[in-house]
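Residues per chain are reported as follows:
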Amino acid sequence: MFGLGKKKGKLPNAAKEAQMELSAERTVQLETEITQNKELLQQHTSKNQALVYEKIGLAYSELGKVEEAITALEKSLEQEKTTGNGYRKLLSLYNQKRAMAAKAGDDLELQKYLEKIDWLMQISKDVTRGVK
Amino acid sequence: MGVVNFIIQNILTQASITIALIAMLGLILQKKSVGQVISGSLKTLLGFQVLSAGSSIIVSSLTYFGKIFTKGFHMQGIIPSIEAINGQAMNQLGLGRDIALTFLAIFIFNILIARFTPWKYIFLTGQAILWMATMTTVFGYVSGLRGIVLILVGGFVGGVFAVAMPAIAQPFVRKITGSDDIALGHFCTIGYIFEAGVAKLFGEKGENKKSTEDIQLPGQLEFLQDTYLSLMVVMVPLYIITAAFAGATFSKEFAGDTNYLMYAFLQSIQFVVGVYVLLSGVRLLLGEIVPAFRGIAMKIVPDAKPALDCPVLFPYAPNAVIIGFITTTIGTVIAMFALPKFGLAMILPGMLTNFFAGGTAGIFGNAVGGRRGAIIGGIFHGFFITLLPTLLVTIFNQMGFVNATATDVDTVTAALLYAWILSPILKAI
């Protein structure tokens, strides 16, 4: 409690992910997945598009391409409000960007990501209450 | 000298001006343009006046409700509404300026504590800080504190809560989210810990633990889709049933030529309108201040964890939110009937608190004790969050508050600290 009982050796998920290096095979697999999903975007209906954007965003995130991941995950939520893996990943990425902006003293970026986190809080409220 | 005196006595004593000046300070510190500083300050001023208008509407409706409830049920029926408490304290009780300055002081103490201690949390839920500032100011005032001491003590107490509550919740938040990056900033945390404790005692353990997320629940609670619609669903029957018990003869005094049940219906709508107006005012009021100060706070303590509003946890256990809401509501209904048996006031269930606090508590209960933990813990949680505000009713009545009590249990706990510890000490010395 109060952070005192926290195991020192444990790293937060984001840090753990950043430390893990992807194998060449996994990298190729993710890049192929992204390419295939981008092609799918041309053909699918709105609901599927949200899912496809989410898959693209998660794949970019695993590849460490934060900006691309954010763009795809935002598009997914703009198409359909959900609070699945894509939502959680986006919250984590926004928080990383917010922390970087705070450390750099970049007020504009800091406000931008705090506002984006506000947007995610509203989506969470809406989804839980069933607001479309 | 005359001009200075005029400014001090007639302008700076106005709560709306004080709040607008706080917003102006935040905007200047953010190096905003002159136009943005002026428009932001004016919007904040407008927000306070809108809040005041909402408060007047609520008070008028609550005054009527209090009278018919006492006549109908021969006891006091209290509506749990932190908005109503805030509105009345800011306006009818004339504590608006002190609340505004305490609000600023809480931000500053939060930054100082996060900067110089290991508890690096910045509380980002502006509305919750306003409620905390309200309660510390009201109960500091009752304890006999005045002026700068009232503000500094309130700021310190609120600042401690702003870091202590996320810190207490963090081990659970880590377990729920699987991450240590984000904290929970919601002043209902003591209730969440209480539910977690009950879930630990009565919940499922080890391999027998079944998560709420493995069951199929109706996904949507349509009447909750709109804040005001959900308020109406509760307030309309409450007013009409109460008026029916009070009877036509008694109600005629208020209703005049209008049918007394129709009048009760219209008054219940008035209450909802009051909350609508008041919360619009709060949004305008905080719209400029909060972004300014949270930006400053996160820059001063860049390694601090942002403590976010309770919906941050909803995606991790959406079923637990629904179960938490339902079981907390059951607990509040049990407490509504049980507490008057012990000579306490009847506290009517507050559906919005039950949803947000109950839902989040359900996530804690599920994380600790699985389904059984969430269900049993939720019922106890509902009882607990009704019991605590009941303890404040006498003081609120003595101060002249009309038929309302606070909701968020951390703010109630802060108030009880003043009433039970600080006030006796101050009176003894």
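The structure this text deals with has already been given above.
What counts, and where the lines are drawn
Residues numbered from 1 in each chain as written. Chains lettered and ligands numbered in written order. Predicted model: local features only at pLDDT ≥ 70, side-chain atom pairs only at ≥ 80, totals over all residues. Heavy atoms only, no water. Disulfide = S-S within 2.5 Å. Pairing = 2+ DSSP bridges. Helix = DSSP H or I, 4+ residues; strand = E, 2+ residues; numbered from the N terminus. Salt bridge = Lys/Arg side-chain N within 4 Å of Asp/Glu carboxyl O. Buried < 20%, exposed > 50% of the residue type's maximum accessible area, 1.4 Å probe, protein only. Phe/Tyr/Trp six-rings, centres within 6.5 Å; stacked < 30°, edge-to-face > 60°. Lys NZ or Arg CZ within 6 Å of the ring centre and 35° of its normal. Contact = heavy atoms within 4.5 Å. Buried area = accessible area lost by both parts, 1.4 Å probe. Polar contact = N/O pair within 3.5 Å; in protein donor to acceptor, adjacent residues only side chain to side chain. Nonpolar A, V, L, I, M, F, W, Y, C, P; charged D, E, K, R; others polar.

## Here we look at the state of the cysteines
- For the structure on display, the rule yields 0 disulfides over all chains.
- With no disulfide partner, B:Cys188 has as its closest neighbouring cysteine sulfur the one in B:Cys310, 7.2 Å distant.

## Remarks on the sheet that holds strand E6 (residues 404–405) of chain B
Residues and elements named next belong to chain B.
- Pairing is parallel in the open sheet, where 3 strands are placed in the order E5-E1-E6. At either margin of the open sheet sits one strand with a lone partner, and together these are strand E5 (346–347) and E6.
- Examined bridge by bridge, strand E1 (residues 77–80) and E5 share 2 bridges and lie parallel to one another. Across the sheet, the residue bridging to Gly77 is Met346, located in E5.

## Some thoughts on the pattern of salt bridges
- Applying the stated criterion across every chain, the model contains 11 salt bridges over all chains.
- With a closest N to O distance of 2.8 Å, A:Arg26 and A:Glu62 form a salt bridge. Taken together, the positions of A:Arg26 in helix H2 (residues 24–41) and A:Glu62 in helix H3 (residues 46–63) put the pair 36 residues apart, joining distant regions of the chain.
- Between B:Asp180 and B:Arg174 there is a salt bridge; the shortest N-O distance is 3.1 Å.

## Let's talk about the pairing of E1(B)
All names here are of chain B.
- Burial of the side chains of E1 extends over both faces: Gly77 and Ile79 are buried on one face and Ile78 and Pro80 on the other.
- One ladder, built from 2 bridges, connects E1 with E6; its direction is parallel. Across the sheet, residue Ile79 finds its bridge partner in E6, namely Ala404.

## Some remarks on unusual backbone geometry
Residues and elements named next belong to chain B.
- In this structure, His74 is a non-glycine residue whose phi angle is positive, near 55°.
- Structurally, His74 is set in the loop between helix H3 (34–73) and E1.
- Take His74: its relative accessible area is 68%, and that puts it in the exposed class.

## Overview of the packing of aromatic side chains
All names here are of chain B.
- Scanning the model with the defined rule gives 24 aromatic pairs over all chains in all.
- Consider the rings of Phe123 and Phe187, whose centres lie 4.3 Å apart with planes at 15°: the pair is stacked. One end of the pair, Phe123, is in strand E2 (residues 121–123); the other, Phe187, is in the loop between strand E3 (183–184) and helix H8 (189–202), and 64 residues separate them in sequence. Each of the two residues, Phe123 as well as Phe187, counts as buried.
- Ring centres 4.2 Å apart and planes at 10° place the aromatic pair Phe194 and Phe384 in the stacked group. Linking Phe194 in helix H8 with Phe384 in helix H13 (residues 351–390), this pair joins segments that are 190 residues apart in sequence.
- Residue class for Phe194 comes out partly exposed when judged on its relative accessible area of 28%.
- One cation-aromatic arrangement involves Arg146 over Tyr141; the distance from NZ or CZ to the ring centre is 3.6 Å.

## Concerning the pairing of strand E4 (residues 305–308) of chain B
Residue and element names in this part refer to chain B.
- The side-chain alternation of E4 yields two buried faces, one formed by Lys305 and Ala307 and the other by Pro306 and Leu308.
- In this sheet, E4 lies alongside E2 in parallel orientation, the contact comprising 3 bridges. When the bridges of E4 are listed, Ile122 appears paired with Pro306.
- Here E3 pairs with E4 via 2 bridges, running parallel. When the bridges of E4 are listed, Ala183 appears paired with Ala307.

## Here we look at the interface of chain A and chain B
- The partner chain B presents 40 residues to the 31 residues of chain A that form the contact.
- A combined buried area of about 3,200 Å² lies between chain A and chain B, and 58% of that area is made up of carbon and sulfur atoms.
- Counting the contacts that link chain A with chain B gives 2 salt bridges.
- The residue A:Asp107 makes a salt bridge to B:Lys299 at a minimum N-O spacing of 3.6 Å.
- Viewed at the interface, chain B and chain A are joined by 6 residue pairs in polar contact (both at pLDDT 80 or more).
- Elements with a contribution of two residues or more to the side of chain A that touches chain B: helix H1 (13–19), helix H5 (85–104) and helix H6 (107–129) of chain A.
- By residue number, the principal contributor to the side of chain A that touches chain B is H6(A), which donates 12 residues.
- Of the residues in the side of chain A that touches chain B, the class split is 12 nonpolar, 9 polar and 10 charged.

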